[in-house]
Amino acid sequence: SILTPHPELGPAVLELFRSIPEEADSNRLVLANEEDLWNYRDMLRNSSHVVLGLCEQAVQSISSNSSDVATTEAVLSCLQSWIRIVDMDPQLLERTMLLPWMFDLLTDSVRGGFELAVDVLVEMLRTYPSDRRGVQGLVMAIIPRVMALGQADANSTNGQLSPFQKSVQEEDEDGMRGYCRIFTEMSESYLSLILSHEEMNQASLVELVLLCSGIPDKEIAGITLHFWNGFVMGLEELEPFEYRQIKIDSFAPQLTRLLAICTHLLRYPVGVEDLSPDRLDDIEGIRLYFADTIEDCCRLLGGEVVLRATGDPLQEECRRVASLPPNQQLSDWHGMEAYLYAIQAVSRYTPPDDQRVIPFVMGLIPQLPGDVPLLRATACQTVGKYASWLGMQPSHLQPLLPYLAQGLSIPKCASASAVAIREICERCDSLGESVLQLYDGIVAAREQHMSAAGGGGEDFILDLKNELDVLEGVCKAVSRPFVKEPSIIN
């Protein structure tokens, strides 16, 4: 009641109530009797309705003053703290007017309190997942409201966009990030409903996450990757097998589109050559996560399907680049590199008898531009990943050996070439004495460096570990016949 005659005290009072449960969660709180702490938490749980009532009163006090951002944020901060720390009765949250009020804030990303409202909803979804007992009412209250943020009203006659669609159209970074967090968190928390045998239009929620994955900003799109990993694991654990396959088939269209989205997001940005090493490392880290998602898809769709979904577009991309004027071809390598990187991720699941994609890839690699280090590095990595396949297809291996050896002399590519050479030597039995030309690559690289450095050997392109990789690999390949047939020595 103190807020009615003195609404200006709202932020201060709410800040006080926000801090109360945080004291119970503090590592600095040391009690002689641990039961006192549990009794304190029980008291907080039993007082939840009082705090919700206080927040409701504060909201009513600002209903006529929408510009009171301070009170709005104070309400949201207090609510977030109590949801996160106090095990509030979900029925209280289901019935409180704070729920529709919060979703009203989420309809416009430029309104004060939008980001905090996102934080509160994410915390609510995380604390009350669909498989928790007694949350069905709250779940049913949240789902339609969240879906309304992402999907346009089907009954609308003027083509009005949903808040999420509007943020994408306007390239509103804060809005896209907020809605992406909401849709992803709800999909993770309500995964048991998504995988349920009961038809509840689950595909529409997965579709929203897929749209978030397709946002051009890789940092925002990357928010969804944790869901896709959990989604794949959840589908793999379904029993019996027949039901699992039915669910996989039902989501196959979304998974196939996810492959195309992840492959596109693997592309280096234009001008990547000019980026700082730290920024380039960040990009490489993000690319690894997208590649992991492609590998996850193999576990559900099968290696052959995923390989074709990445290999066929690579052939189309090569034809497109070949049709460009010669002066443009050298600068338009990003698409080919992304497809090669995606094909690497499929290597563990590639059928050993594939004759459609991998032969094309191995024939393409020696023809790629040799003076694009990042493209060449990815090509060398691809050769290494498919060393086992090349061991069974020696006719495709021989043209690649000079390509790998030459890579040892190229900065940003030398390490990838060395690792690929080691993998080739370890897994291919048909190399014979031709493997010596791989170590000759190190000799040539060192001679080239010595002549360029005026006789000095400092800052050699290959570090000792890479040299050791090549040397160990070559030694294993050369000694393999003697290990199998010791009589050769005599």
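Shown above is the structure to which this text applies.
Right, let's walk through the structure included here. (Residues numbered from 1 in each chain as written. Predicted model: local features only at pLDDT ≥ 70, side-chain atom pairs only at ≥ 80, totals over all residues. Heavy atoms only, no water.)

### Focus on the overall build of the chain
Okay, step 1: A count of helices and strands for the chain gives 27 helices and 0 strands.
Okay, step 2: For the chain, the share of sequence-separated contacts (at least 6 apart) that also reach a separation of at least 24 residues comes to 73%.
Okay, step 3: Approximately 23800 Å² of the chain is accessible, and the part contributed by carbon and sulfur atoms is 53%. (Helix = DSSP H or I, 4+ residues; strand = E, 2+ residues; numbered from the N terminus. Contact = heavy atoms within 4.5 Å. Areas by Shrake-Rupley, 256 points an atom, 1.4 Å probe, with all protein chains shown as cover.)

### Things to note about the packing of aromatic side chains
Okay, step 1: Counted under the stated rule, the structure contains 9 aromatic pairs.
Okay, step 2: Taken together through their ring pairs, the aromatic side chains of Phe 114, Phe 164, Tyr 179 and Phe 183 make up a single cluster.
Okay, step 3: Positioned above the aromatic ring of Tyr 268, the side-chain terminus of Arg 287 is 4.0 Å from the ring centre.
Okay, step 4: Positioned above the aromatic ring of Tyr 403, the side-chain terminus of Arg 376 is 4.1 Å from the ring centre. (Phe/Tyr/Trp six-rings, centres within 6.5 Å; stacked < 30°, edge-to-face > 60°. Lys NZ or Arg CZ within 6 Å of the ring centre and 35° of its normal.)

### As for the nonpolar core
Okay, step 1: Formed by 147 residues in total, the largest nonpolar core has its most connected members in Met 102, Ile 142, Phe 183 and Phe 231.
Okay, step 2: The biggest single contributor to this core is helix α15 (residues 241–265), with 10 residues.
Okay, step 3: If we skip the residues at most four places from it in the chain, Phe 183 touches Val 146, Leu 149, Gly 150, Phe 164, Leu 205, Leu 208, Val 209 and Cys 212. (Core = buried A, V, L, I, M, F, W, Y, C linked by side-chain atoms within 4.5 Å. Buried < 20%, exposed > 50% of the residue type's maximum accessible area, 1.4 Å probe, protein only.)

### Things to note about the pattern of salt bridges
Okay, step 1: For the coordinates displayed, the defined rule picks out 21 salt bridges.
Okay, step 2: A salt bridge links Arg 84 to Glu 22; the shortest N-O distance between them is 3.9 Å. Of the two residues, Arg 84 sits in helix α4 (residues 69–85) while Glu 22 sits in helix α1 (residues 10–24), which places them 62 residues apart along the sequence.
Okay, step 3: Classification of Arg 84 as partly exposed rests on a relative accessible area of 41%.
Okay, step 4: What makes Glu 22 partly exposed here is its relative accessible area of 26%. (Salt bridge = Lys/Arg side-chain N within 4 Å of Asp/Glu carboxyl O.)

### Considerations on the packing of α4 against helix α6 (residues 98–105)
Okay, step 1: Contact geometry of α4 with α6 gives a least axis separation of 12 Å together with a crossing angle of 120°. As judged from the angle between their axes, α4 and α6 are oblique. The handedness of the crossing between α4 and α6 is left-handed. Mapping the contact onto sequence places Thr 72, Val 75, Leu 76 and Leu 79 in α4 and Leu 98, Trp 101, Met 102 and Leu 105 in α6.
Okay, step 2: For the contact of α4 with α6, the residue count by class is 7 nonpolar, 1 polar and no charged. (Axes fitted to C-alpha atoms, helices over the stretch in contact; angles between N-to-C directions. Parallel < 35°, antiparallel > 145°, perpendicular 65-115°, else oblique. Left-handed = near helix turned anticlockwise from the far one by under 90°. Nonpolar A, V, L, I, M, F, W, Y, C, P; charged D, E, K, R; others polar.)

### Description of helix α3 (residues 48–61)
Given 3.6 residues per turn, any residue in an α-helix points the same way as the ones three and four places further on.
Okay, step 1: Over its 14 residues, α3 runs 20 Å from end to end, which matches the ideal 20 Å to within 8%, given 1.5 Å per residue.
Okay, step 2: Here α3 has its buried residues at Ser 48, Val 51, Leu 52, Leu 54, Cys 55, Gln 57, Ala 58 and Val 59.
Okay, step 3: As for α3, its buried residues are in contact with α1, α2 (34–46), α4, α5 (90–95) and α6. (Expected span 1.5 Å × (residues − 1).)

### Focus: the environment of Thr 184
Okay, step 1: Relative to the elements of secondary structure, Thr 184 occurs in helix α10 (residues 173–189).
Okay, step 2: Among residues more than four places away in sequence, those in contact with Thr 184 are Val 209, Ile 223, Thr 224 and Phe 227.

### Quick word on helix α25 (residues 414–427)
Okay, step 1: Here α25 contains 14 residues, and its C-alpha end-to-end distance of 20 Å stays within 8% of the 20 Å for a straight helix at 1.5 Å per residue.
Okay, step 2: Among all positions in α25, only Ala 414, Ala 416, Ser 417, Ala 418, Ala 420, Ile 421, Glu 423, Ile 424 and Cys 425 are buried.

### Considerations on the environment of Leu 280
Okay, step 1: Among the structural elements, Leu 280 can be located in helix α16 (residues 277–301).
Okay, step 2: Between the C-alpha atom of Leu 280 and that of Tyr 268, which follows or precedes it by 12 residues, the distance is 9.3 Å.
Okay, step 3: Contact partners of Leu 280, with chain neighbours within four places excluded, come to Tyr 268 and Val 272.

### Side note on the side chain of Gln 344
Okay, step 1: Among the secondary structure elements, Gln 344 is positioned in helix α19 (residues 334–345).
Okay, step 2: With a relative accessible area of 9%, Gln 344 lands in the buried category.

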